[in-house]
Amino acid sequence: MALVTAPPLVRASGETAWTQNRLYRVEIEARTEPIVGKLHEWTVSVSDAQGNPVIPQRLAFYGGMPAHGHGMSSEPQVTRQLSPGQFLVEGVSFNMHGRWEIVVGVSAAAGSDKARFDLRIGPLQTDQPAEPGSGLTQAEIELTQSLALSALRPAADPSNRLHNNANAAALGKRLFFDPGLSRDGQIACVSCHQPDLAFTDGNKQSVGSQQTRRNAQTLIGIAGADWFYWDGRRDSLWAQNLTPLETQGEMDSTRVGVLRHLISNSEYAEQLAGLDIAMPTLADLPAQAGPYGTSEDKLSWQRLSAARQEQINRAFASVGKVLASYVATLLPEAARFDQLADALAADDPGPSPLNKSETRGLKLFLDAGKTHCLRCHNGPMFSNFGFHNIGTGSASPAAQDLGWAVGRTASNYDPFNCRGRYSDAAADECQQLRYTGSDEHSVGAFKVPTLRALTRTGPYMHDGRFSTLTEVIDYYRDVGGDPMVPELPTLTISDAERDDLVAFLKTLSY
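What comes next concerns the included structure. This one's a predicted model, so the numbers in the text were calculated from it and none came from an experiment. (Residues numbered from 1 in each chain as written. Predicted model: local features only at pLDDT ≥ 70, side-chain atom pairs only at ≥ 80, totals over all residues. Heavy atoms only, no water.)

Turning our eyes to something else, we now look at the overall build of the protein chain. Helix and strand counts for the protein chain come out as 13 helices and eleven strands. Seen along its three principal axes, the alpha-carbon backbone of the protein chain occupies a region of about 75 × 65 × 50 Å. Looking at the protein chain as a whole, 55% of its 510 residues are labelled buried. Surface accessibility of the protein chain: about 21700 Å² in total, with carbon and sulfur atoms responsible for 50%. (Helix = DSSP H or I, 4+ residues; strand = E, 2+ residues; numbered from the N terminus. Buried < 20%, exposed > 50% of the residue type's maximum accessible area, 1.4 Å probe, protein only. Areas by Shrake-Rupley, 256 points an atom, 1.4 Å probe, with all protein chains shown as cover.)

Take a look at the structure:
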């Protein structure tokens, strides 16, 4: 489940509309605030020309961004009738600011027809004068405060019963730094997620037992995401923590190998028992066995009974939950940007902690019409944690990375996902999986990274292709507006403005 944040000044203006052939009158209304990146609910009311409620045989609610050529990142569903002619729509998600079109399809006695609604989802822009001393308009001040750490709220994960458990977090920290979880005893989680580098590794692409294809993302604030990895192949932090343990080229172990290491350590065994985690007897098993790994590892796994596999899987899932309980504690620290936001809330803010160049960069960042940064980089983590295709997934056919197109499917088939038997969540608490949508632009789409701690998380992009923030902004200037990359609008800024924007981005580091 994502971090709960203060509403980032989102506005939507849906109204009552006739369907195209004037068969029905449709009204849509946001039942919960449409915060970008969060699932929320709408109601749809349908009536005929005389105002009588209509009960359709079929009612559909969908939409997209016409300027970007893509649909919603979720698949909303009409779940029940609230009153005659009024229906509840769940699973609606707007993953970025901008102009959205909602379509309501109605099939009833009079025939089939559609109503269209034009919505503007995004921060308000006003022409109010700058506030004395800050150089910011009131609207810019409100936006700044919506991005501050003070607006961040703790994450929740109903699929992990050990979430927010201090004892589990303490054990998880020990495991995070323990190379014994890898096959050769040389690689730990911390190998690719180093604290002094904001839990990245500084490499273009990470190196486990072999060279990988992707850059290590920061773990700072990662508990606030709904999907994990650059491609979203896992839907919970604990499921993500399990994957590197068994991945060839990363830690190379198996679930039996991991459990054997833990059971052989009396301190680990005692702490696991204290968390009510049952460990299976492994004395009759080989050193390694699991559904992934070498041919011998997989053959050893296939020879196990279903009941034995179940015992091992359940204990292995608990190891992921213990690790996740620690990783969830890794939160960003206040940066100079946050000092500014807090000062703006004071009666006497005093001198700005940002210099003139950084202030100009902040204003550019907040200018939704000019830089479009807020479309994807919003909220206190400066990310909607959604997936967008910015043209980096298909540099060449040989290097093509399909991103979210593959990750979305993988998360649904992962036995450790939120809806699986090893999850602690109720079925109705796994909303992200339930409403996962399809989108032609998901091929080559990757998760939006946080902008916090940027000075310590380079190189940048999913493959680490850029060494500096200046290179990143120049890429957006070069590719923005290219019809082959519809997710990126035109970015027309001067070199001086680019430098100001980079100067501001560095104020998000601590």
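Evaluation of the coordinates by the stated rule reveals 17 aromatic pairs. Ring geometry for Trp42 versus Phe61: centroids 6.1 Å apart, planes at 45 degrees, classification tilted. Of this pair, Trp42 sits in strand 3 (residues 40-47) while Phe61 sits in strand 4 (residues 58-65), and the two are 19 residues apart along the sequence. Like Trp42, the residue Phe61 is buried in the burial classification. Note on Phe365 and Phe382: the rings are 5.6 Å apart at their centroids and 55 degrees apart in plane angle, and the pair reads as tilted. Highlighted residues: Phe365 in helix 9 (residues 356-366) and Phe382 in the loop between helix 9 and strand 10 (387-388), separated in sequence by 17 residues. One aromatic cluster is present, formed by Trp42, Phe61, Phe94 and Trp100 through successive ring pairs. Directly above the aromatic system of Trp301 lies the positively charged group of Arg255, at a separation of 5.5 Å from the ring centroid. The ring of Trp404 is capped by Arg408, whose NZ or CZ atom sits 5.8 Å from the centre of that ring. (Phe/Tyr/Trp six-rings, centres within 6.5 Å; stacked < 30°, edge-to-face > 60°. Lys NZ or Arg CZ within 6 Å of the ring centre and 35° of its normal.)

Here we take up the nonpolar core. Within the largest apolar cluster, 57 residues are counted, with the highest numbers of intra-cluster contacts made by Leu175, Phe176, Leu237, Leu262, Val327 and Phe416. For this core, the secondary-structure elements that each account for two or more residues are helix 2 (166-176), helix 3 (237-246), helix 4 (255-263), helix 5 (266-274) and helix 7 (306-327). Per-element tally for this core: the top contributor is helix 7, with ten residues. Excluding anything up to four places from it in sequence, Leu262 contacts Leu175, Leu181, Tyr268, Ala269, Leu272 and Val319. (Core = buried A, V, L, I, M, F, W, Y, C linked by side-chain atoms within 4.5 Å. Contact = heavy atoms within 4.5 Å.)

Next up on the list: the state of the cysteines. In the structure shown here, the tally under the stated rule is one disulfide. Two residues, Cys418 and Cys430, share a disulfide whose sulfurs are 2.1 Å apart. Between Cys418 and Cys430 the sulfur-sulfur dihedral comes to about -75 degrees; the bridge is accordingly left-handed. Residue Cys418 is found in the loop between helix 10 (404-413) and helix 11 (431-434), and its partner Cys430 is found in the loop between helix 10 and helix 11; the two are separated by twelve residues along the sequence. With relative accessibility at 10%, the residue Cys418 sits in the buried group. (Disulfide = S-S within 2.5 Å.)

The element strand 8 (residues 98-108) is largely enclosed, with a buried count of nine among its eleven residues. With seven bridges joining them, strand 4 and strand 8 adopt antiparallel strand pairing. When the sheet's bridge partners are listed, Phe61 is paired in strand 8 with Val104. Direction of pairing for strand 8 relative to strand 9 (residues 111-121): antiparallel, over a ladder of eleven bridges. Paired with Gly105 across the strands is Lys114, a residue of strand 9. Between strand 8 and strand 9, which pair antiparallel in sequence order, lie two residues. (Pairing = 2+ DSSP bridges.)

Moving on: the sheet that holds strand 7 (residues 86-92). Reading across from one edge, 1-2-3-7-6 is the order of the five strands in this open sheet, with antiparallel pairing throughout. The open sheet terminates on both sides in strands that have one partner only, identified here as strand 1 (17-18) and strand 6 (77-83). Note: strand 3 against strand 7, five bridges, orientation antiparallel. Residue pairing in the sheet places His40 in a bridge with Val92 of strand 7.

Turning our eyes to something else, we now look at the environment of Val479. On the secondary structure map, Val479 appears in helix 12 (residues 469-479). In this structure the C-alpha to C-alpha distance between Val479 and Arg120, which are 359 residues apart in sequence, comes to 25 Å.

This part is about helix 7. Across its 22 residues, helix 7 extends 31 Å between first and last C-alpha, which sits within 8% of the 32 Å expected from 1.5 Å per residue. With 17 of its 22 residues buried, helix 7 lies for the most part within the structure. (Expected span 1.5 Å × (residues − 1).)

To continue, consider the side chain of Ser442. The residue Ser442 is located in the loop between helix 11 and strand 11 (446-447) in this model. Among the polar contacts listed, one links the side chain of Ser442 to the side chain of Arg408, at a separation of 3.4 Å. When residues no more than four places from it in sequence are discounted, the contact partners of Ser442 are Leu402, Gly403, Trp404, Ala405 and Arg408. (Polar contact = N/O pair within 3.5 Å; in protein donor to acceptor, adjacent residues only side chain to side chain.)

Bringing the pattern of salt bridges into the picture now. Enumeration over the complete set of coordinates arrives at 25 salt bridges. A salt bridge links Arg233 to Asp231; the shortest N-O distance between them is 3.3 Å. Beyond isolated ion pairs, a larger network of salt bridges with shared partners links Asp474, Arg477, Asp495, Arg498 and Asp499. (Salt bridge = Lys/Arg side-chain N within 4 Å of Asp/Glu carboxyl O.)

The quantities given are spatial measurements derived from coordinates; they are silent on function.
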